[in-house]
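Geometric and topological summary
The chain contents come next:
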Amino acid sequence: MILKSQVEWALHCCAILAGLPEGRYLSTKALAEFHGLPKEYLSKALQSLSQAGLVHTTLGPSGGYRLAKAPAELTFLDIVEAVEGKGRTFVCTNIRSNNPCRAPGYCESTPCAVARIMWEADEAWREKLRNVRLSDLIETLSKEIPADLMKRTFGWVLERAG
């Protein structure tokens, strides 16, 4: 399974937006500059987050994006599904029905073992992402990122926040 690069972008952008003070917004331009991404492509990921109700957006010179919910209320799954959709990662096309050794017209009444295993794996993956909140990421980052880098990063973001 390969997720769109927009998933990575959306997760990183949400981490940055989680640090914004109440009522402040960060533009697509600033987020793209911070992450070294093309603004036009990042815009699509941010629009997906907006359509899913995960971020608020506002127009104008001090406009941009901010989280619509507290980081503790947003899961990795929320963000992934906003970009990728909620569909299963494995689609069974029932190719076993092509087996030339089966009787013509024979139709199985239950999903095959391959499909069941893949669907179970998909659900396990989603369950893991469902149990990781954006606030968990922020806590991890606060432990892993040196304090001086965190301070400079926060300052950079605040200078550009509307």
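Attention in this report is confined to the structure presented alongside it. (Residues numbered from 1 in each chain as written. Predicted model: local features only at pLDDT ≥ 70, side-chain atom pairs only at ≥ 80, totals over all residues. Heavy atoms only, no water.)

A separate point is the packing of helix H1 (residues 5-17) against helix H3 (residues 39-51). For the pair H1 and H3, interaxial distance at closest approach is 9 Å and the crossing angle is 70°. Taken together, H1 and H3 sit at an angle that is classed as roughly perpendicular. Judged by the twist between their axes, the crossing of H1 over H3 is right-handed. Along the contact surface, H1 presents Gln6, Trp9, Ala10, Cys13 and Cys14, while H3 presents Tyr41, Leu42, Lys44, Ala45, Leu46 and Leu49. Of the residues that constitute the contact of H1 with H3, the class distribution is nine nonpolar, one polar and one charged. (Axes fitted to C-alpha atoms, helices over the stretch in contact; angles between N-to-C directions. Helix = DSSP H or I, 4+ residues; strand = E, 2+ residues; numbered from the N terminus. Parallel < 35°, antiparallel > 145°, perpendicular 65-115°, else oblique. Left-handed = near helix turned anticlockwise from the far one by under 90°. Contact = heavy atoms within 4.5 Å. Nonpolar A, V, L, I, M, F, W, Y, C, P; charged D, E, K, R; others polar.)

Counting 34 residues, the largest nonpolar core has Leu17, Leu26, Leu31, Leu42 and Leu49 as the members making the most contacts within it. When residues of this core are traced back to their parent elements, those giving at least two are H1, helix H2 (28-35), H3, strand E2 (64-67), helix H4 (76-84) and helix H7 (147-160). Here this core takes eight residues from H1, the largest share from any one element. Setting aside anything within four residues of it in sequence, one finds Leu31 in contact with Cys13, Ile16, Leu17, Leu26, Leu42 and Leu46. (Core = buried A, V, L, I, M, F, W, Y, C linked by side-chain atoms within 4.5 Å. Buried < 20%, exposed > 50% of the residue type's maximum accessible area, 1.4 Å probe, protein only.)

For the rest of this paragraph, the subject is the layout of surface pockets. Counted as a void, the largest pocket has a volume near 460 Å³. Along its surface, the largest pocket is lined by 19 residues, and Ala15, Ile16, Leu141, Met150 and Thr153 are the ones closest to its centre. Broken down by secondary-structure element, the contributors of at least two residues to the lining of the largest pocket are H1, H2, helix H6 (134-144) and H7. Residue contributions to the lining of the largest pocket peak at five residues, all from H7. (1 Å grid on protein atoms, 1.4 Å probe; cavity = no way out; pocket = protein on both sides within 12 Å on 5 of 7 lines; lining within 4 Å. Points joined across faces, edges and corners; volume = space filled by probe spheres on them.)

Moving on, we come to the packing of aromatic side chains. Summed over the entire model, instances satisfying the criterion amount to one aromatic pair. Note on Phe34 and Trp156: the rings are 5.2 Å apart at their centroids and 55° apart in plane angle, and the pair reads as tilted. Residue Phe34 is located in helix H2, and its partner Trp156 is located in helix H7; the two are separated by 122 residues in the primary sequence. If you follow Arg88 out to its NZ or CZ, it ends over the ring of Trp119, 4.0 Å from the centre. (Phe/Tyr/Trp six-rings, centres within 6.5 Å; stacked < 30°, edge-to-face > 60°. Lys NZ or Arg CZ within 6 Å of the ring centre and 35° of its normal.)

Position of Thr75 among the secondary structure elements: in the loop between E2 and H4. For Thr75, a relative accessible area of 6% gives the class buried. The residues touching Thr75, leaving out its near neighbours within four places in the chain, are Leu129, Arg130, Val132 and Arg133.

The next thing to look at is the pattern of salt bridges. Scanning the entire structure with this criterion turns up nine salt bridges. The shortest N-O distance in the salt bridge between Glu81 and Arg126 comes to 2.8 Å. Placement of the pair is Glu81 in helix H4 and Arg126 in helix H5 (residues 113-130), with a sequence separation of 45 residues. Each member of the pair, Glu81 together with Arg126, is buried. Measuring nitrogen to oxygen at the nearest pair gives 2.5 Å for the salt bridge that ties Glu127 to Arg130. Separated by three residues within a single helix, Glu127 and Arg130 lie in helix H5, roughly one turn from each other. Several salt bridges share partner residues, and in doing so they unite Glu81, Asp122 and Arg126 into one network. (Salt bridge = Lys/Arg side-chain N within 4 Å of Asp/Glu carboxyl O.)

Functional significance is not addressed by these values, which are geometric in nature.
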